[in-house]
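Architecture at a glance
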Amino acid sequence: MVSVRSFIHAEVSRGAFPAPSGAEAYSEYAIASAEDLIPEMESAARQTLDHPLTFEMLGKGLEGWAMGELASFRRRCGDNLIACLESFLDVEPPGPSHIWVGCPYVSRRSTPTGPVVGVLPLWLQELLSRSRDDLKLQVYKSPLDIHSRIREEYAKSLQTHLDCKFCVAVHVKKGFAYCAELEKRLEQARNKVSLPFYFSRYHELRFASRRYGDSSSHLSLAYPSPRNQ
Ligand SMILES: [Zn+2]
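Scoring rules and cut-offs
Residues numbered from 1 in each chain as written. Predicted model: local features only at pLDDT ≥ 70, side-chain atom pairs only at ≥ 80, totals over all residues. Helix = DSSP H or I, 4+ residues; strand = E, 2+ residues; numbered from the N terminus. Buried ≥ 20, exposed ≤ 12 C-beta atoms within 10 Å, placed from the backbone. Contact = placed C-beta atoms within 7 Å. Expected span 1.5 Å × (residues − 1). Bend = angle between axes of the 7 residues up to and from the residue. Arc of directions from axis to C-beta. Axes fitted to C-alpha atoms, helices over the stretch in contact; angles between N-to-C directions. Parallel < 35°, antiparallel > 145°, perpendicular 65-115°, else oblique. Left-handed = near helix turned anticlockwise from the far one by under 90°. Nonpolar A, V, L, I, M, F, W, Y, C, P; charged D, E, K, R; others polar. Core = buried A, V, L, I, M, F, W, Y, C linked by C-beta atoms within 7 Å. pLDDT = per-residue confidence, 0-100.

1. Looking at the overall build of the chain
Within the chain, the secondary structure is distributed over 10 helices and two strands. Sequence-ordered secondary structure for the chain, helices as α and strands as β, is α-α-α-α-α-β-β-α-α-α-α-α. Here the chain holds 229 residues, and the buried ones make up 24% of them. Considering only contacts within the chain whose residues lie at least 6 apart along the sequence, 68% involve residues at least 24 apart.

2. Observations concerning helix 7 (residues 146-159)
Helix length check: helix 7 (14 residues) gives 19 Å between terminal C-alpha atoms against 20 Å at 1.5 Å per residue, within 8%. The axis of helix 7 is deflected most strongly, by about 25°, at Glu-152. Where helix 7 is concerned, the buried positions are Ile-146, Ile-150 and Tyr-154.

3. So, helix 6 (residues 122-137)
With 16 residues, helix 6 extends 22 Å from end C-alpha to end C-alpha; this agrees with the ideal 22 Å at 1.5 Å per step. Among all positions in helix 6, only Trp-123, Leu-124, Leu-127, Leu-128, Ser-131 and Leu-135 are buried. End-on view of helix 6: buried residues confined to an arc of 130°, all on one side of the axis. For helix 6, exposure combined with an orientation more than 90 degrees from the buried face picks out Asp-133, Lys-136 and Leu-137.

4. So, the packing of helix 2 (residues 23-34) against helix 3 (residues 38-48)
The interhelical angle for the contact between helix 2 and helix 3, taken along N-to-C directions, is 160°, at an axis separation of 8 Å. By the angle between their directions, the pair helix 2 and helix 3 is classed as roughly antiparallel. Where helix 2 crosses over helix 3, the two elements pack in a sense that is left-handed. Contacts from Ala-25, Tyr-26, Glu-28, Tyr-29, Ala-32 and Ser-33 of helix 2 reach helix 3 at Glu-40, Met-41, Ala-44, Ala-45, Gln-47 and Thr-48. The residue inventory of the contact of helix 2 with helix 3, partitioned by class, reads seven nonpolar, three polar and two charged.

5. Considering the environment of Lys-136
The topology assignment puts Lys-136 in helix 6. Taking the C-alpha atoms as reference, Lys-136 lies 9.5 Å from Arg-75; in sequence the two are 61 residues apart.

6. A word on unusual backbone geometry
Of all residues except glycine, most have a negative phi; of all peptide bonds, most are trans. Residue Pro-94 follows Pro-93 across a cis peptide bond; omega there is 10°. Looking at the secondary structure, you find Pro-94 in the loop between helix 5 (64-89) and strand 1 (108-109).

7. Re the packing of helix 6 against helix 7
At a minimum axis separation of 10 Å, helix 6 and helix 7 run at an interaxial angle of 150°. By the criterion of interaxial angle, the relationship of helix 6 to helix 7 is roughly antiparallel. Regarding helix 6 and helix 7, the two cross each other, and that crossing is right-handed. Residues Trp-123, Leu-124, Glu-126, Leu-127 and Ser-131 of helix 6 form the contact with helix 7, whose participating residues are Ile-146, Ile-150, Glu-153, Tyr-154, Ser-157 and Leu-158. Taken together, the residues that form the contact of helix 6 with helix 7 break down as seven nonpolar, two polar and two charged.

8. Some points on the nonpolar core
The biggest cluster of nonpolar side chains holds 38 residues, and the ones touching the most others in it are Tyr-29, Leu-81 and Leu-186. If you list the elements that add at least two residues to this core, you get helix 2, helix 3, helix 5, helix 6, helix 7 and helix 8 (165-191). Residues within four places of Leu-186 in sequence aside, it is in contact with Leu-81, Cys-84, Ile-146, His-147 and Ile-150.

9. So, the confidence of the model for the chain
For the chain, mean pLDDT is 77; residues scoring 70 or higher make up 67% of the total. Confidence scores differ between elements of the chain, with helix 10 (residues 217-222) showing the lowest mean pLDDT of 35 and helix 8 the highest of 96. Taken together, the stretch residues 214-229 has pLDDT below 50 and engages in 19 contacts with residues farther than four places along the chain or on a different chain.

Right, dumping it as C-alpha coordinates:
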(Lines give C-alpha, C1' and ligand atoms only; values in the text may rest on other atoms or scores of the structure.)
Protein backbone atom coordinates (compact mmCIF):
# COMPACT_ATOMS: atom_id res chain seq x y z
CA MET A 1 0.00 0.00 0.00
CA VAL A 2 2.88 2.35 0.86
CA SER A 3 4.48 1.87 -2.58
CA VAL A 4 1.14 2.48 -4.33
CA ARG A 5 0.59 5.58 -2.23
CA SER A 6 4.11 6.82 -3.06
CA PHE A 7 3.58 6.11 -6.74
CA ILE A 8 0.31 8.05 -6.84
CA HIS A 9 1.87 10.95 -4.92
CA ALA A 10 4.79 11.07 -7.35
CA GLU A 11 2.69 10.77 -10.50
CA VAL A 12 0.21 13.43 -9.41
CA SER A 13 3.08 15.73 -8.39
CA ARG A 14 4.63 15.57 -11.84
CA GLY A 15 1.27 15.82 -13.63
CA ALA A 16 1.49 12.36 -15.19
CA PHE A 17 -2.23 11.74 -15.01
CA PRO A 18 -4.39 13.52 -17.61
CA ALA A 19 -7.22 15.66 -16.28
CA PRO A 20 -10.21 13.42 -15.55
CA SER A 21 -13.55 14.12 -17.15
CA GLY A 22 -17.06 14.12 -15.68
CA ALA A 23 -17.74 11.34 -13.23
CA GLU A 24 -14.06 10.32 -13.30
CA ALA A 25 -13.13 13.40 -11.28
CA TYR A 26 -15.66 12.44 -8.58
CA SER A 27 -14.50 8.83 -8.68
CA GLU A 28 -10.90 9.94 -8.14
CA TYR A 29 -12.01 12.07 -5.23
CA ALA A 30 -13.84 9.10 -3.69
CA ILE A 31 -10.78 6.84 -4.08
CA ALA A 32 -8.42 9.47 -2.66
CA SER A 33 -10.83 10.06 0.24
CA ALA A 34 -11.09 6.34 1.04
CA GLU A 35 -7.28 6.03 1.02
CA ASP A 36 -6.64 9.23 3.00
CA LEU A 37 -4.55 10.69 0.16
CA ILE A 38 -5.00 14.28 1.22
CA PRO A 39 -3.07 16.14 -1.52
CA GLU A 40 -4.80 13.97 -4.13
CA MET A 41 -8.18 14.70 -2.51
CA GLU A 42 -7.53 18.42 -2.88
CA SER A 43 -6.37 17.96 -6.46
CA ALA A 44 -9.42 15.83 -7.31
CA ALA A 45 -11.75 18.30 -5.57
CA ARG A 46 -10.40 21.07 -7.81
CA GLN A 47 -10.90 18.89 -10.89
CA THR A 48 -14.57 18.45 -9.97
CA LEU A 49 -15.07 22.21 -10.35
CA ASP A 50 -14.80 21.78 -14.12
CA HIS A 51 -17.92 19.60 -14.07
CA PRO A 52 -21.46 19.87 -12.65
CA LEU A 53 -22.04 18.50 -9.18
CA THR A 54 -25.04 16.22 -9.43
CA PHE A 55 -26.12 13.00 -7.71
CA GLU A 56 -25.36 11.15 -10.94
CA MET A 57 -21.81 12.51 -10.91
CA LEU A 58 -21.28 11.76 -7.23
CA GLY A 59 -22.16 8.09 -7.67
CA LYS A 60 -22.11 5.80 -4.65
CA GLY A 61 -18.45 5.93 -3.64
CA LEU A 62 -18.57 8.93 -1.31
CA GLU A 63 -19.52 9.07 2.33
CA GLY A 64 -22.15 11.64 3.23
CA TRP A 65 -19.83 13.95 5.11
CA ALA A 66 -17.35 13.91 2.20
CA MET A 67 -20.14 14.90 -0.19
CA GLY A 68 -21.01 17.76 2.16
CA GLU A 69 -17.43 18.96 2.24
CA LEU A 70 -17.19 18.83 -1.53
CA ALA A 71 -20.41 20.84 -1.85
CA SER A 72 -19.16 23.37 0.71
CA PHE A 73 -15.83 23.68 -1.12
CA ARG A 74 -17.69 24.29 -4.38
CA ARG A 75 -20.00 26.86 -2.77
CA ARG A 76 -17.04 28.85 -1.44
CA CYS A 77 -15.30 28.74 -4.82
CA GLY A 78 -18.52 30.01 -6.41
CA ASP A 79 -18.79 32.82 -3.83
CA ASN A 80 -15.22 33.91 -4.61
CA LEU A 81 -15.94 33.96 -8.35
CA ILE A 82 -19.07 36.03 -7.75
CA ALA A 83 -17.10 38.53 -5.64
CA CYS A 84 -14.46 38.75 -8.38
CA LEU A 85 -17.06 39.48 -11.06
CA GLU A 86 -18.66 42.11 -8.83
CA SER A 87 -15.28 43.82 -8.48
CA PHE A 88 -15.20 44.12 -12.28
CA LEU A 89 -18.70 45.62 -12.26
CA ASP A 90 -17.32 48.46 -10.12
CA VAL A 91 -16.19 51.32 -12.37
CA GLU A 92 -14.37 53.33 -9.70
CA PRO A 93 -10.56 53.52 -10.10
CA PRO A 94 -8.25 51.84 -9.41
CA GLY A 95 -10.54 48.97 -10.40
CA PRO A 96 -9.69 47.57 -13.85
CA SER A 97 -13.10 48.45 -15.36
CA HIS A 98 -12.73 52.23 -15.03
CA ILE A 99 -11.11 52.24 -18.51
CA TRP A 100 -14.56 51.62 -20.01
CA VAL A 101 -16.21 54.71 -18.55
CA GLY A 102 -17.12 57.09 -21.35
CA CYS A 103 -19.15 54.95 -23.75
CA PRO A 104 -21.45 57.53 -25.42
CA TYR A 105 -24.32 55.05 -25.52
CA VAL A 106 -24.59 55.01 -21.72
CA SER A 107 -22.86 58.20 -20.53
CA ARG A 108 -24.69 59.86 -17.68
CA ARG A 109 -24.29 63.33 -16.22
CA SER A 110 -25.20 64.20 -12.64
CA THR A 111 -26.57 67.50 -13.97
CA PRO A 112 -26.85 68.84 -17.57
CA THR A 113 -23.40 70.43 -17.23
CA GLY A 114 -21.98 68.27 -14.44
CA PRO A 115 -19.34 65.55 -14.59
CA VAL A 116 -19.96 62.23 -16.31
CA VAL A 117 -21.12 59.57 -13.88
CA GLY A 118 -19.25 56.34 -14.34
CA VAL A 119 -21.29 53.66 -16.07
CA LEU A 120 -20.08 50.51 -17.78
CA PRO A 121 -20.96 50.03 -21.45
CA LEU A 122 -24.13 47.96 -21.66
CA TRP A 123 -22.51 45.04 -23.51
CA LEU A 124 -19.88 44.64 -20.76
CA GLN A 125 -22.34 45.27 -17.92
CA GLU A 126 -24.63 42.56 -19.26
CA LEU A 127 -21.75 40.10 -19.76
CA LEU A 128 -20.41 40.48 -16.21
CA SER A 129 -23.87 40.55 -14.61
CA ARG A 130 -25.04 37.49 -16.52
CA SER A 131 -21.90 35.55 -15.57
CA ARG A 132 -22.36 36.51 -11.92
CA ASP A 133 -26.06 35.65 -11.87
CA ASP A 134 -25.46 32.28 -13.57
CA LEU A 135 -23.04 31.43 -10.77
CA LYS A 136 -25.56 32.44 -8.12
CA LEU A 137 -28.29 30.28 -9.65
CA GLN A 138 -26.32 27.30 -10.93
CA VAL A 139 -23.25 26.83 -8.77
CA TYR A 140 -23.92 23.09 -8.58
CA LYS A 141 -25.53 22.47 -11.97
CA SER A 142 -22.85 24.14 -14.10
CA PRO A 143 -19.05 23.87 -14.29
CA LEU A 144 -17.21 26.65 -12.42
CA ASP A 145 -15.00 27.33 -15.44
CA ILE A 146 -15.88 30.94 -16.22
CA HIS A 147 -12.15 31.85 -16.23
CA SER A 148 -11.64 29.66 -19.31
CA ARG A 149 -14.71 31.00 -21.15
CA ILE A 150 -14.73 34.69 -20.31
CA ARG A 151 -12.46 35.83 -23.16
CA GLU A 152 -14.67 34.19 -25.79
CA GLU A 153 -17.80 35.61 -24.13
CA TYR A 154 -16.16 39.04 -24.06
CA ALA A 155 -15.45 38.85 -27.81
CA LYS A 156 -19.03 37.79 -28.58
CA SER A 157 -20.45 40.64 -26.51
CA LEU A 158 -18.15 43.25 -28.03
CA GLN A 159 -19.19 42.14 -31.52
CA THR A 160 -22.68 43.44 -30.78
CA HIS A 161 -21.26 46.91 -30.16
CA LEU A 162 -18.74 47.51 -32.97
CA ASP A 163 -20.44 50.72 -34.07
CA CYS A 164 -19.20 52.45 -30.90
CA LYS A 165 -15.88 54.15 -31.65
CA PHE A 166 -15.12 54.66 -27.95
CA CYS A 167 -15.43 51.00 -26.95
CA VAL A 168 -13.61 49.77 -30.03
CA ALA A 169 -10.74 52.18 -29.32
CA VAL A 170 -10.52 51.03 -25.67
CA HIS A 171 -10.55 47.44 -26.82
CA VAL A 172 -7.73 48.03 -29.34
CA LYS A 173 -5.56 49.81 -26.77
CA LYS A 174 -6.34 47.89 -23.58
CA GLY A 175 -8.77 45.07 -24.32
CA PHE A 176 -6.18 42.28 -24.39
CA ALA A 177 -4.67 43.30 -21.05
CA TYR A 178 -8.18 43.72 -19.55
CA CYS A 179 -9.20 40.20 -20.60
CA ALA A 180 -5.94 38.77 -19.29
CA GLU A 181 -6.51 40.46 -15.94
CA LEU A 182 -10.10 39.19 -15.80
CA GLU A 183 -9.00 35.63 -16.55
CA LYS A 184 -6.17 35.78 -14.02
CA ARG A 185 -8.32 37.14 -11.20
CA LEU A 186 -11.09 34.61 -11.84
CA GLU A 187 -8.60 31.76 -11.77
CA GLN A 188 -7.02 33.10 -8.58
CA ALA A 189 -10.48 33.46 -6.99
CA ARG A 190 -11.17 29.80 -7.72
CA ASN A 191 -7.78 28.50 -6.65
CA LYS A 192 -7.42 30.34 -3.36
CA VAL A 193 -10.16 28.29 -1.68
CA SER A 194 -8.79 25.32 0.23
CA LEU A 195 -10.54 22.36 1.77
CA PRO A 196 -11.70 22.98 5.37
CA PHE A 197 -9.05 22.60 8.06
CA TYR A 198 -10.82 19.92 10.05
CA PHE A 199 -11.41 17.97 6.85
CA SER A 200 -7.69 17.54 6.24
CA ARG A 201 -6.96 17.19 9.96
CA TYR A 202 -9.49 14.40 10.28
CA HIS A 203 -7.81 12.46 7.49
CA GLU A 204 -4.35 13.01 8.94
CA LEU A 205 -5.55 11.53 12.23
CA ARG A 206 -7.20 8.58 10.53
CA PHE A 207 -4.01 7.91 8.61
CA ALA A 208 -1.90 8.20 11.78
CA SER A 209 -4.16 5.82 13.71
CA ARG A 210 -3.92 3.21 10.92
CA ARG A 211 -0.17 3.60 10.73
CA TYR A 212 0.41 3.03 14.41
CA GLY A 213 -2.40 0.51 14.95
CA ASP A 214 -4.03 2.82 17.47
CA SER A 215 -7.79 2.80 17.95
CA SER A 216 -7.36 6.54 18.71
CA SER A 217 -10.44 6.94 20.81
CA HIS A 218 -8.64 9.83 22.55
CA LEU A 219 -7.96 11.44 19.16
CA SER A 220 -11.59 11.07 18.22
CA LEU A 221 -12.51 13.03 21.32
CA ALA A 222 -9.93 15.71 20.60
CA TYR A 223 -10.85 16.02 16.91
CA PRO A 224 -14.41 14.81 16.45
CA SER A 225 -15.37 13.25 13.16
CA PRO A 226 -16.84 15.69 10.62
CA ARG A 227 -19.95 13.51 10.74
CA ASN A 228 -20.55 14.78 14.29
CA GLN A 229 -19.92 18.47 13.62
ZN1 LIG B 1 -19.62 51.88 -26.28
